[in-house]
Each structure stands twice: as structure tokens, then as C-alpha cells.
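Results of the structural survey
These are the residues of each chain, in order.
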Amino acid sequence: LLLGSTNSRLTGVAFRNAGGVFQDNIIRNVRFNSLSSVQEGVGFYLFNSDLSPAQDIQILNNTIQDFNKNGITLTSHEYWSPLTFTIQGNIITGVTPNSTIDQNGIQVELVNGVGTISGNTISSIALNNTGNSTLVANSIYVINTSVTTTGNTISGTQSGIYYFDGVGLISD
């Protein structure tokens, strides 16, 4: 995409209040002309703000690379309907090392969500944070969500898997 620095939202693919299957796609260059500290530039974005019905999303076997903020983001608010998800078999490659933005390969914040993150290959997610030690780039970042994380391959990253008030199994 590389749409310059005047866009307020940069998203490769977005689902809002929707479920379905997103499979076998290539998403690349969802960023400003150069990396920016603006919290935008997401390869795949899901936002659930619907009260019903419950949704299911499957994100399978995609390649997501050269993004500004996150490869995959799933988010909602605590009072929205439940969402189940599967994030499996994706190849996610960030821009590293960089000293501009704390990228995340996969970020999930679904208070009423439950799902699986498995068999993904995540690389080059790192922040040179010598000037600000509070920021961390995470390969898999789970917030307030019940997730089973298994069989992912993570390399060249600052932080592998980080659960922040999340629950679930982490294995392999």
C-alpha cells in the first residue's frame, strides 16, 4: 500500500462485526512511506462491536509482511458478543530491528473471545528500545483473552509470547 503519511487509518483487510474465513492471501506494505510511530498499519484487522450474534473467524495460511504496527489484530470491548477464532499457518514478517514502533506479529484482545493460535511462523518483530525501555515488540500478544497457543515458530524477535491478563495453554 505505502500510501504516504497523511492517512489516518492503514489496514490491509478489515472485518467489522463479521465472521468468516480469510485464507491463502498475501498482504504486504501496509505502512507509511517509512516506518512511523503512529499506531496504524495493520495487515489483518478485526473489530467486533456487535451485541449479537456470536461470530467465528478463521485466519488461515496467509503471508503478511512489511507492516507498520501489527500483522494481525483482533479486538473488541468487554460487553460485545462472544467471538471464537483460529489463527493458523500464517507467515508474519515484521521490519526489524527498528527504533520507531513496537510491532506485534499477532495481537488479540477479546474479553469475550476464545480461540487458538497455532502453526504460525513469526519473524523480525523487534524494537531497539534503548531510549524507551517500557515498549516491547511481541510476536504473539494476548490481552484478556482465553487462547491456546501451540506449535508456532518464532525467530528474530524481541519477545516471543506475552499473555497480559490472558489465560490458556502455551506449548511447543
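Scope of this entry: the structure provided in the associated data block.

What counts, and at which threshold
Residues numbered from 1 in each chain as written. Predicted model: local features only at pLDDT ≥ 70, side-chain atom pairs only at ≥ 80, totals over all residues. Heavy atoms only, no water. Helix = DSSP H or I, 4+ residues; strand = E, 2+ residues; numbered from the N terminus. Polar contact = N/O pair within 3.5 Å; in protein donor to acceptor, adjacent residues only side chain to side chain. Contact = heavy atoms within 4.5 Å. Phe/Tyr/Trp six-rings, centres within 6.5 Å; stacked < 30°, edge-to-face > 60°. Buried < 20%, exposed > 50% of the residue type's maximum accessible area, 1.4 Å probe, protein only.

In this structure, T73 sits in strand 7 (residues 70-76). A distance of 2.9 Å separates a polar atom in the side chain of T73 from a polar atom in the side chain of N70. The contact partners of T73, leaving out residues within four places of it in the chain, are V42, F44, Y45, L46 and Q107.

Before going further, it helps to examine the packing of aromatic side chains. If you walk through the whole model with that rule in mind, you get four aromatic pairs. Here Y141 and Y162 contribute two aromatic rings whose centre-to-centre distance is 5.4 Å and whose plane-to-plane angle is 10°, an arrangement assigned as stacked. Placement of the pair is Y141 in strand 13 (residues 138-143) and Y162 in strand 16 (residues 159-164), with a sequence separation of 21 residues. Relative to F164, the ring of Y162 lies with its centre 6.3 Å away and its plane at 70°, an arrangement referred to as edge-to-face. Classification of F164 as partly exposed rests on a relative accessible area of 39%. Among the aromatic residues, those joined into a ring-pair cluster are F15, F22 and F44.

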